[in-house]
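Structural overview
Each chain, written out:
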Amino acid sequence: MKKLLILPVVIGAAAAGAPYYVGLRMEQEYPKYLEAFSDPNVEMELVSYERGWLRSHAVVRGESLVEGKSFAVVMENDINHALWELGGNIARVHARVNIEGELGEKQRELLGDEPLMSGVTDIDIEGVQRSQFTSPAFTWEDDSVTIEWGGLSGSSTMAADLLSGDFDAVMPSLSVHENSTVIEASNLSLAGGMRRGPSGGWLVDEKLAAREVSVTKGGEVTAQANGLAISIKTDEADGLYAMRTGIEMAELRGNGQQLRDSRLDLIMDRIDAETANRIQESTAKLKGQAPEQVQMQMTGMLMFALPKLLERGPRFALENVHSSTPMGDVDLRLDLAYAEGGPFTPNDPKQMIPHLRAELDIAMPRAMAEQIMRQ
């Protein structure tokens, strides 16, 4: 009988103590979250973490350089780990992202107390994170530039090991006005997935689509693309990166010309992953330096990296290039590759030419070819 009386006490104590334990684990895991999403171009910092029994508060700061100027955002995170409120999840994070500095003052003028972006993340018992996020519509005016942002909404999922995830987002509209030029896009969407590759870099498989993108100059539409889609896929195997960028357009109009059913695949293959990662990390460290210093160090960096890159036999190609014109269909294929193990002799480039392979195939209407030759 005493054991039966003690049982509710034990259960109650466990239920009361569980939120505290979850909060403690969240505090311990937070630095790992930041490390998982680290990027050579962005410096992430956990500014503070205040842990409570049922709720905690974390402040994260991210800083990068944009056109030589510091750009920083602060993410305020309200973390709920009162398990009985979370419908089977162990934590729910309400995040608000705001800009710092002068741009932050401009944000407050436009949005008041509303954050630039906000989101809610549920973390289940296995550690999988599922997020919903939004950004409000606004018009940003600065000197000769006006940006009209139609807002954003989306969702994402991150695996418990933080090594893979997927995402999707929709943006109703975006327009940029600069002097007499206006660039407009409507019905934008972005969807895809990402995962950590063997060498530690992020590999992506994503697609950006827009119903219409147009460029207007002086009140006249100079270019318009309908049914635009851009896809990027990166992969890694045997220490080599491969990247394929695909572009598709249902219709392109401009300068009195019209193209239909246009597409192309840009391929960069057999890129040494370790060398590419080092270049990215070194390039990030150059931000903020004088242009002359950047140019000098970039030249030295590439001269050091090129032998390693060429050693693996890199390849560049344009494939599946196609477009329908009023004169007929045009198809093209270009393939450039350097033989694996070929020499790097910058002082005597002639020695490198025999190791370079190039192929070009073009098919077009005879009348179009004659027109091009006459020009």
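Preceding this paragraph is the structure being described.
Residues numbered from 1 in each chain as written. Predicted model: local features only at pLDDT ≥ 70, side-chain atom pairs only at ≥ 80, totals over all residues. Heavy atoms only, no water.

1. Things to note about the overall build of the protein chain
When its secondary structure is counted, the protein chain shows five helices and 18 strands. The buried share of the protein chain, reckoned over its 375 residues, is 32%. Within the protein chain, counting contacts between residues at least 6 apart in sequence, those at least 24 apart form 48% of the total. When the accessible area of the protein chain is evaluated, it comes to approximately 22700 Å², of which 57% is carbon and sulfur surface. (Helix = DSSP H or I, 4+ residues; strand = E, 2+ residues; numbered from the N terminus. Buried < 20%, exposed > 50% of the residue type's maximum accessible area, 1.4 Å probe, protein only. Contact = heavy atoms within 4.5 Å. Areas by Shrake-Rupley, 256 points an atom, 1.4 Å probe, with all protein chains shown as cover.)

2. Section: the pattern of salt bridges
Per the counting criterion, the structure on display carries 22 salt bridges. Measuring nitrogen to oxygen at the nearest pair gives 2.8 Å for the salt bridge that ties Arg 96 to Asp 78. Here Arg 96, found in strand β4 (residues 91-99), pairs with Asp 78, found in strand β3 (residues 69-80); they are 18 residues apart in sequence, far enough to count as distant. Among the residues examined, Arg 96 registers a relative accessible area of 30% and is labelled partly exposed. Residue Asp 78 is classed as partly exposed on the basis of its relative accessible area of 31%. Residues Arg 270 and Glu 340 are paired through a salt bridge, measuring 3.1 Å at the closest nitrogen-oxygen approach. Of this pair, Arg 270 sits in strand β15 (residues 257-272) while Glu 340 sits in the loop between β17 (328-338) and β18 (356-363); the two residues are 70 residues apart in sequence, bridging distant segments of the chain. The exposure class of Glu 340 is exposed, given its relative accessible area of 55%. Through salt bridges with shared partners, a single ionic network connects Arg 244, Asp 265, Asp 269, Arg 315, Glu 319, Arg 333, Asp 335, Arg 357, Glu 359 and Asp 361. (Salt bridge = Lys/Arg side-chain N within 4 Å of Asp/Glu carboxyl O.)

3. Re a nonpolar patch on the surface
Taken together, Met 243, Met 268, Phe 316 and Leu 336 make up a surface patch of nonpolar side chains, about 290 Å² in accessible area. Relative to the helices and strands, Phe 316 resides in strand β16 (residues 315-325). By relative accessible area, which is 31% here, Phe 316 ends up partly exposed. (Patch = residues over 30% accessible without salt bridge, like charges linked within 9 Å, V, L, I, M, F, W, Y side chains within 5 Å.)

4. Focus: helix α2 (residues 101-111)
Those residues of α2 that sit buried are Gly 104, Gln 107 and Leu 111. For α2, the angular spread of the buried residues around the axis is 55°, confining them to a single face. α2 presents Glu 102 and Glu 109 as exposed residues on the side facing more than 90 degrees away from its buried surface. Elements that come into contact with the buried residues of α2 comprise β4 and β7 (138-142). Following α2 by one or two positions, Gly 112 adopts a phi angle in the positive range, close to 65°. (Arc of directions from axis to C-beta.)

5. Comments concerning the pairing of β7
Bridge count between β7 and strand β8 (residues 145-149): five bridges; the pairing is antiparallel. What sits directly across from Trp 140, in β8, is Ile 147. As consecutive antiparallel partners, β7 and β8 are separated by two residues, and within that stretch Asp 143 has a phi angle of approximately 55°, a positive value. (Pairing = 2+ DSSP bridges.)

6. A short note on the side chain of Glu 319
Within the element layout of this structure, Glu 319 appears in strand β16. When neighbours within four sequence positions are excluded, Glu 319 is seen to be in contact with Arg 244, Leu 264, Asp 265 and Ile 267.

7. Regarding the side chain of Asp 335
Along the chain, Asp 335 turns up in strand β17. By relative accessible area, which is 6% here, Asp 335 ends up buried. Of note is the side chain of Asp 335, whose polar atom sits 3.1 Å from the side chain of Arg 315. Among residues more than four places away in sequence, those in contact with Asp 335 are Arg 315, Phe 316, Ala 317, Arg 357, Ala 358 and Glu 359. (Polar contact = N/O pair within 3.5 Å; in protein donor to acceptor, adjacent residues only side chain to side chain.)

8. Quick word on the environment of Asp 361
Here Asp 361 shows up in strand β18. C-alpha separation for the pair Asp 361 and Asp 331, spaced 30 residues apart in sequence, amounts to 8.1 Å. Those residues in contact with Asp 361 that sit more than four places away from it in its chain are Asp 331, Leu 332 and Arg 333.

9. A short note on the nonpolar core
Generally speaking, a soluble globular protein has its nonpolar side chains buried in company with each other. Met 26, Tyr 30, Tyr 33, Tyr 49, Ile 79, Val 93 and Ile 123 are the most contacted members of the largest nonpolar core, which totals 14 residues. Listing elements by their share of this core, those giving two or more residues are α1 (2-36), β2 (55-66) and β4. For this core, the leading source of residues is α1, giving five residues. In contact with Val 93, not counting residues within four places along its chain, are Met 26, Tyr 30, Asn 77, Asp 78, Ile 79, Gly 119, Val 120, Thr 121 and Ile 123. If you look at the next biggest cluster of nonpolar residues, it comprises eleven residues, including Phe 133, Trp 149, Ala 169 and Ala 210. (Core = buried A, V, L, I, M, F, W, Y, C linked by side-chain atoms within 4.5 Å.)

10. A word on the environment of Arg 108
Residue position: Arg 108 is located in helix α2. If sequence neighbours within four positions are ignored, Arg 108 has contacts with Ile 99 and Gly 101.

11. A closer look at unusual backbone geometry
Of note, the phi angle at Asp 261 is positive, near 50°, even though the residue is not glycine. Within the secondary structure, Asp 261 is located in strand β15. One non-glycine residue with positive phi stands out, namely Arg 270, at about 60°.

12. Observations concerning a negative patch on the surface
On the surface, a cluster of negative charge is made up of Glu 141, Glu 148, Glu 184 and Glu 212. The residue Glu 184 is located in strand β11 (residues 181-196) in this model. With relative accessibility at 37%, the residue Glu 184 sits in the partly exposed group. (Lys, Arg positive; Asp, Glu negative; His and termini not counted. Charge placed at Lys NZ, Arg CZ, Asp CG, Glu CD.)

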